[in-house]
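# Observations on the model geometry
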Amino acid sequence: MLFPAIWTEHNVATGFNGARSVYPSDVDGDGDVDVLGAASLAWAISWWENLNGTGTNWVEHSISNNFNYAFSVHAYDLDGDGDTDVLGAAYNGDAITWWENTVGSGMIWNEHIIDGGFDGAMDVTVADMDGDGDVDVVGAANDDADISWWDVTSFTESGELVSSIFDTGSNPIWDSLWWSSEEPPGAYIYFRVRCSTDPADMGLWSDDITVPGSLEGLLNDGDRYVQYNVRFESVNPEVSPVLEEVTLSWNGFVGIDDENQSINLSDFQLLQNYPNPFNGSTQIDYILPGALQLRIDVYDMYGRNVANLVDGEKPAGLHTIHWDARGHSSGIYYYRIKTEAYQETKRMILN
């Protein structure tokens, strides 16, 4: 075997403060090798996209900027959906955490804490420890002087999410309900909707909606208050449905004439998150008067960007997104919506 005598350095990143750990993996699923890193002083887990496939042109994408003294990083398809997820160990955060690659491109991540009390967590990896065919997580904690592994042992077949009651501010003509989701075999998502002229008496839910589309016959035109219910089901303990975004659209009318009906779309609105204060996750709703290119970001009280929730074009209507803040420190955060012509920021409190 020949061993190379001369090596040429190729830089991936500079200024990654307190770089501690590195791991190569195809994060975005495009067939080339990207790079993951953990930086303790920056509290950061990031990945660098291999833009040209030859390792000479890189762009950084943040996974977390609030992972307290990030010490180790690893990659594996933890949820079995065919893309690359990321694991991390946080020394001062005492946490073993994994981030779900929700759309497979490495641009949107959902954080899940495996153990938030693993004192002085320093390393994390994966293996099938019990030989049952699924992957387990293995970690080392300096302050606890522990080597531990975690097995997924609980399974919940169903759950539900009920939205807050939305005031459309008009007498709406209901259009459609659309959502984006991941529903692997054996996992399902169902919606129900209801509307009313009185928010104290919303009435009965509609029948199950299994396919996005028209709301005709499901809601009464003119009822200004609306609410939706989402039911999640899985018959396979290894998979779960994931709801990514919800869009409820309508036309609002300002007056009705027997000969002519005047129609105008709802105004641009960023609504207050719910619940607020919150613990774990919170819901953020916004209304678009038309299709728009926009971003929604979350910032901590020091102005650091800790999460990107939306980045792209969205259609007109009511949109619902969720921020999973587990792993972030308690305190005041700000969420900002920004388009080419509009910007608004609201405050929220994580307990």
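I will try to describe carefully the structure that is included in this document.

About the cut-offs
- Residues numbered from 1 in each chain as written.
- Predicted model: local features only at pLDDT ≥ 70, side-chain atom pairs only at ≥ 80, totals over all residues.
- Heavy atoms only, no water.
- Helix = DSSP H or I, 4+ residues; strand = E, 2+ residues; numbered from the N terminus.
- Buried < 20%, exposed > 50% of the residue type's maximum accessible area, 1.4 Å probe, protein only.
- Contact = heavy atoms within 4.5 Å.
- Areas by Shrake-Rupley, 256 points an atom, 1.4 Å probe, with all protein chains shown as cover.
- Salt bridge = Lys/Arg side-chain N within 4 Å of Asp/Glu carboxyl O.
- Pairing = 2+ DSSP bridges.
- Axes fitted to C-alpha atoms, helices over the stretch in contact; angles between N-to-C directions.
- Patch = residues over 30% accessible without salt bridge, like charges linked within 9 Å, V, L, I, M, F, W, Y side chains within 5 Å.
- Phe/Tyr/Trp six-rings, centres within 6.5 Å; stacked < 30°, edge-to-face > 60°.
- Lys NZ or Arg CZ within 6 Å of the ring centre and 35° of its normal.
- Polar contact = N/O pair within 3.5 Å; in protein donor to acceptor, adjacent residues only side chain to side chain.

Okay, the overall build of the protein next. From N to C terminus, the protein includes zero helices and 26 strands. Each principal axis of the C-alpha distribution contributes one length, and for the protein these read about 90 × 45 × 40 Å. The buried share among the 351 residues of the protein stands at 45%. The contacts of the protein with a sequence gap of at least 6 include a subset with a gap of at least 24, amounting to 55%. Carbon and sulfur atoms form 48% of the exposed surface of the protein, whose accessible area is close to 17,700 Å².

Now for the pattern of salt bridges. Inspection of the entire model under this criterion finds eight salt bridges. Counted as one network, the salt bridges with shared partners bring together Asp-208, Arg-231 and Glu-233.

A few words on the sheet that holds strand E1 (residues 19-25). Within a sheet, adjacent strands bond to each other through the backbone by hydrogen bonds, running parallel or antiparallel. The strand order E1-E2-E3-E4 describes an open sheet built from four strands, whose pairing is antiparallel. Either end of the sheet is taken by a strand with one partner, and the two such strands are E1 and strand E4 (58-64). Put simply, the sheet's adjacent strands are angled 25° from each other on average, direction ignored. As judged from the five bridges shared by strand E2 (residues 34-39) and strand E3 (residues 44-50), these two strands associate in the antiparallel manner.

Time to look at unusual backbone geometry. The amide bond that connects Tyr-274 to the next residue, Pro-275, takes the cis arrangement and shows omega of -10°. Along the chain, Pro-275 falls in the loop between strand E20 (269-270) and strand E21 (281-288). The omega angle of the peptide bond from Asn-276 to Pro-277 is 0°, so this bond is cis rather than trans. Mapped onto the elements of the fold, Pro-277 is located in the loop between E20 and E21. In this structure, Trp-43 is a non-glycine residue whose phi angle is positive, near 55°. The backbone of Asp-94 shows a phi angle near 55°, a positive value even though the residue is not glycine.

On the surface, a cluster of nonpolar side chains totalling about 220 Å² of accessible area is made up of Val-103, Met-107 and Ile-108. The topology assignment puts Val-103 in the loop between strand E7 (95-101) and strand E8 (109-115). A relative accessible area of 41% places Val-103 in the partly exposed class.

The strand order across the open sheet formed by four strands is E23-E22-E25-E26, and the pairing between neighbours is antiparallel. The open sheet terminates on both sides in strands that have one partner only, identified here as strand E23 (305-314) and strand E26 (343-350). Put simply, the sheet's adjacent strands are angled 15° from each other on average, direction ignored. With eight bridges connecting them, strand E22 (residues 292-300) and E23 associate as antiparallel partners. From the neighbouring strand, Arg-295 faces E23, where its bridge partner is Asp-311.

The final tally for this structure, using the stated rule, is 12 aromatic pairs. A ring pair is formed by Tyr-69 and Phe-71, whose centres lie 6.2 Å apart and whose planes are at 35°; its orientation type is tilted. Seen from the ring of Trp-205, Arg-194 lies directly overhead, with NZ or CZ sitting 4.1 Å from the centre.

Its place among the elements puts Val-193 in strand E15 (residues 187-196). A relative accessible area of 1% means that Val-193 is categorised as buried. Each C-alpha atom, one on Val-193 and one on Val-162, is 9.8 Å from the other, the two residues being 31 residues apart in sequence. If sequence neighbours within four positions are ignored, Val-193 has contacts with Leu-177, Leu-204, Trp-205, Ser-206, Ile-209, Leu-215, Leu-218, Leu-219, Gln-227 and Tyr-228.

A separate point is the pairing of E2. Counted residue by residue, E2 has six buried out of six residues, so it is predominantly covered. Burial along E2 is two-sided: Asp-34, Leu-36 and Ala-38 facing one way and Val-35, Gly-37 and Ala-39 facing the other are all buried.

What follows covers the side chain of His-328. The topology assignment puts His-328 in the loop between strand E24 (317-324) and strand E25 (331-338). Side chain to side chain, His-328 and Asn-66 meet in a polar contact 3.0 Å long. Every residue in contact with His-328, bar those within four places of it in the chain, is listed here: Asn-66, Glu-111, Val-306, Trp-323, Tyr-333 and Leu-350.

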